[in-house]
Amino acid sequence: MTRYFVWQLSIAMSLYFGVLLVLEGASKNTLIPLCIFFALSVVGVMDQLQKKHAILRNYPIIGHLRFWLEFIRPEIRQYFLESDSEKLPFSRNQRALVYQRSKNLSDQRPFGTIENVYRNGYEWLSYSNSPSQVVIKPNDLRVSIGSETCSQPYSISVFNISAMSFGSLSANAILALNKGAKLGGFAQDTGEGSVSEYHKVHDGDLIWEIGSGYFGCRTEDGHFDMNKFIHVASDPQIKMIEIKLSQGAKPGHGGILPAAKITPEIAQTRGVPMGVDCISPSRHTAFNSPVEMLQFIATLRERSNGKPVGFKMCVGKPEDWFAILKAMIETKLTPDFIVVDGSEGGTGAAPVEFIDHIGMPMRDSLRLIHATLIGTNLRDIIRIGAAGKIISAFDIVRVCSIGADWCNSARGFMFAIGCIQSRTCNTDMCPTGVATQNQLRQKALDPIDKGQRVYHYHQNTLHALSEILMAAGLSHTSELNPDYIMKRDENSVAQPFSKNLMHMEAGALIDQSPELAFKGDYQYLARAWRRANPSQW
């Protein structure tokens, strides 16, 4: 059988049914197969004439099978080949957990764990022989954000919706997320696409993220506009303001929303013109140094009538973070909060190299920021949020043990509203209507039903979190520390998290030399501390 067999057969069958048509006249049994085989013959001719794909020239007709299989490869792998615990980037077990909790179904598992509890890297929580008998309500798991300079501090849930913009998500997805936030009394981060009309329908708490494009508060040439900021920030629905220095999906990389994808609604929300590419620069223009950034934060806090203002970052060079710390010490100005985004990525599409190899992972970043804030006596006045592949209650426990005050999840809440991890977010072809602007596709997502699922996922996850805390004899995530989490090292020896995490004594970076403050494996950071310049990045 030659590689041209299917094409040759199609031609032969076309001739055969063509002769039958001439001899016996038109009939259903003749016309239908004639059309099919003639169409295949034409495809084969076109494959031979085209010069773009060598496979199609060598394997006319059947070569298309290769492209079709490649197109559905992710679905084949996800539904038929992937194991329950294989994380690409989230495992079937993780997704199933969200689906069950969002639908208010039982998330219990029979017949023991499928985890290999003796593998390197396995983690577990040390529980107490005297568990707490006081029931922890989900609404009790909150953290107050806002220093003494804030006249409108905000009590935030320990579990919230991470930054996802209208534009990257559909209007119905935004509606569903905000409805769930309203029902559960937790917060939705707007992402850098600003506050849309869909964020306002259900009146759920919002964290307004301001990126380098200053969408929602920008001049015509893309710079920051204070008057527009004051107008948007005055909305009582906005509880906090977050300046995005960088994001885990593509730190240090700007973004472009092509003009062809900008709808009138997106243009109005972002404050950009139609017919022009919407550009997010790789850095801010409202400030050029750590000192200027802190001054900018202080101004935004004042102009927003005392709402908490902070920033989000994925740590890159340690000296850049140290420069911010030094600027806090020098100016006595501090943010109300810091959101640590990890290089685990998120919903944002980015070049492969940025997704895989740029930026510091969340847990490393979190511990670095937490420890050095302690070393500068600033930890008590600055709250820390963390985002990066947080799905379950144990994920929250782990991150809070390392140093976070609260957690954000993006992809977890996407699963709650129907995301199936098709990984087509950047194509506008999302099969469930979550990450698309296609009107027909997003109609499949019912924001009323999915809003309930967001609420249930949040409530059931916090219920599981409360049970875990009670089992450990605790009453709040703030009581967690790294000694509660055990992990097998590369030799399969169980060690507490605290053994391999950075530690720093209170005030060490103020009272001691950096060589003494940074101990053991972290001595290299002493050089980065000395290089850090609060007046320059």
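These lines cover the structure that appears in this document, whether it is placed above or below. (Residues numbered from 1 in each chain as written. Predicted model: local features only at pLDDT ≥ 70, side-chain atom pairs only at ≥ 80, totals over all residues. Heavy atoms only, no water.)

## So, the packing of aromatic side chains
With the rule as written, the count across this model stands at 20 aromatic pairs. Relative to Y457, the ring of F159 lies with its centre 5.7 Å away and its plane at 75°, an arrangement referred to as edge-to-face. In this pair, F159 sits in strand β4 (residues 159-161) while Y457 sits in helix α18 (residues 447-471), placing the two residues 298 residues apart along the sequence. By relative accessible area, Y457 is classed as buried at 1%. By the ring-pair criterion, three or more aromatic residues cluster together here, those being W208, Y214, F224, F229, F287, F296 and W537. The positively charged end of R270 is found above the aromatic ring belonging to F215, 5.0 Å away from the centroid. Taking NZ or CZ as reference, K389 lies 5.3 Å from the ring centre of F90, over its face. (Phe/Tyr/Trp six-rings, centres within 6.5 Å; stacked < 30°, edge-to-face > 60°. Helix = DSSP H or I, 4+ residues; strand = E, 2+ residues; numbered from the N terminus. Buried < 20%, exposed > 50% of the residue type's maximum accessible area, 1.4 Å probe, protein only. Lys NZ or Arg CZ within 6 Å of the ring centre and 35° of its normal.)

## A word on helix α15 (residues 393-402)
Most of α15 is tucked away: nine of the ten residues are buried. Burial in α15 covers these residues: A393, D395, I396, V397, R398, V399, C400, S401 and I402. Where α15 starts, the residue carrying a side-chain oxygen 3.4 Å from the main-chain nitrogen of F394 turns out to be S392. Positive backbone phi, approximately 155°, marks G403, located one or two places after α15. (Polar contact = N/O pair within 3.5 Å; in protein donor to acceptor, adjacent residues only side chain to side chain.)

## Concerning the packing of helix α6 (residues 92-102) against α18
Contact pair α6 / α18: the axes reach a minimum separation of 7 Å and the direction vectors enclose 110°. With respect to each other, α6 and α18 are oriented roughly perpendicular. Between α6 and α18, the contacting residues are V98, R101 and S102 on the first element and Q452, R453, H456, Y457, N460, T461 and A464 on the second. Looking at the contact of α6 with α18 residue by residue, the classes come out as three nonpolar, five polar and two charged. (Axes fitted to C-alpha atoms, helices over the stretch in contact; angles between N-to-C directions. Parallel < 35°, antiparallel > 145°, perpendicular 65-115°, else oblique. Contact = heavy atoms within 4.5 Å. Nonpolar A, V, L, I, M, F, W, Y, C, P; charged D, E, K, R; others polar.)

## Examining a nonpolar patch on the surface
On the surface, a cluster of nonpolar side chains totalling about 330 Å² of accessible area is made up of V19, V22 and L23. As for its placement among the helices and strands, L23 is situated in helix α1 (residues 5-24). Taking relative accessible area as the criterion, L23 reaches 67% and is therefore assigned exposed. (Patch = residues over 30% accessible without salt bridge, like charges linked within 9 Å, V, L, I, M, F, W, Y side chains within 5 Å. Areas by Shrake-Rupley, 256 points an atom, 1.4 Å probe, with all protein chains shown as cover. Salt bridge = Lys/Arg side-chain N within 4 Å of Asp/Glu carboxyl O.)

## Quick word on the sheet that holds strand β15 (residues 494-496)
Ordered by their spatial adjacency, three strands build an open sheet running β1-β14-β15, and the pairing between neighbours is antiparallel. Only two strands of the sheet have a single neighbouring strand rather than two, namely β1 (123-125) and β15. Ignoring strand direction, the axes of neighbouring strands in this sheet form an average angle of 30°. One ladder, built from three bridges, connects strand β14 (residues 485-488) with β15; its direction is antiparallel. The partner of R488 across the bridge, within β15, is A494. Against the sheet, α15 makes contact with β1 and β14, and its axis sits at roughly 85° relative to β1, the strand it touches most. (Pairing = 2+ DSSP bridges.)

## Description of the pairing of β14
Consecutive residues of a regular strand have side chains that alternate between opposite faces of the sheet. As judged from the three bridges shared by β1 and β14, these two strands associate in the antiparallel manner. For L125, the partnering residue across the bridge sits in β14 and is I485. In sequence, β14 turns back onto β15 through a hairpin of five residues, with S492 there showing a positive phi of about 65°.

## Concerning the pairing of strand β7 (residues 238-244)
Extensive coverage of β7 is indicated by the burial of six of its seven residues. In terms of strand pairing, strand β6 (residues 205-210) meets β7 through five bridges, oriented parallel. Its bridge partner lying in β7, I207 is registered against M240. Handedness of the β6-helix α9 (residues 226-233)-β7 crossover: right-handed. Sheet analysis places β7 next to strand β10 (residues 309-313), joined by four bridges and oriented parallel. Bridge assignment links I241 to a residue of β10, and that residue is V309. (Right-handed = clockwise from strand over helix to strand, strands pointing away.)

## Overview of the state of the cysteines
Considering all chains together, one arrives at zero disulfides under this definition. Free of any disulfide, C407 has its nearest neighbouring cysteine sulfur in C400, separated by 4.3 Å. When its relative accessible area of 0% is taken as the criterion, C407 is described as buried. (Disulfide = S-S within 2.5 Å.)

## Brief notes about the pattern of salt bridges
Here the idea is simple: oppositely charged side chains can pair when their charged atoms come close. Scanning all chains against the criterion turns up 15 salt bridges. One salt bridge in this structure joins R101 and D107, with 2.6 Å as the shortest N-O distance. Across the salt bridge formed by D449 and K450, the nearest N and O atoms sit 3.5 Å from each other. Given a relative accessible area of 13%, K450 falls into the buried group.

## A look at the environment of I266
Residue placement: I266 occurs in helix α10 (residues 264-270). When its relative accessible area of 1% is taken as the criterion, I266 is described as buried. Spatially, the C-alpha atoms of I266 and S196 are 8.1 Å apart, while their sequence positions differ by 70 residues.

## Observations concerning helix α11 (residues 290-303)
Think of an α-helix as 3.6 residues a turn; residues three or four steps apart then line up on the same face. The terminal C-alpha atoms of α11, which comprises 14 residues, lie 20 Å apart, in line with the 20 Å expected from a rise of 1.5 Å per residue. Taken residue by residue, α11 has P290, V291, M293, L294, F296, I297, L300 and R301 as its buried positions. As for α11, its buried residues are in contact with α9, β7, β10 and α12 (318-331). Positioned one or two residues after α11, N305 has a phi angle of 65°, which is positive. (Expected span 1.5 Å × (residues − 1).)

## Quick notes on the side chain of D489
Positionally, D489 belongs in the loop between β14 and β15. No salt bridge is formed by the buried D489; its nearest oppositely charged neighbour, K499, is found at 7.4 Å. Here the side chain of D489 touches N491 through a polar contact of 2.8 Å, landing on its backbone nitrogen. At a separation of 2.9 Å, a polar atom in the side chain of D489 contacts the main-chain amide nitrogen of V493. In this view, D489 contacts N120, G121 and Q495; residues no more than four positions away in its chain are not counted. (Lys, Arg positive; Asp, Glu negative; His and termini not counted.)

Don't take any of this as a statement about function, it's just geometry.
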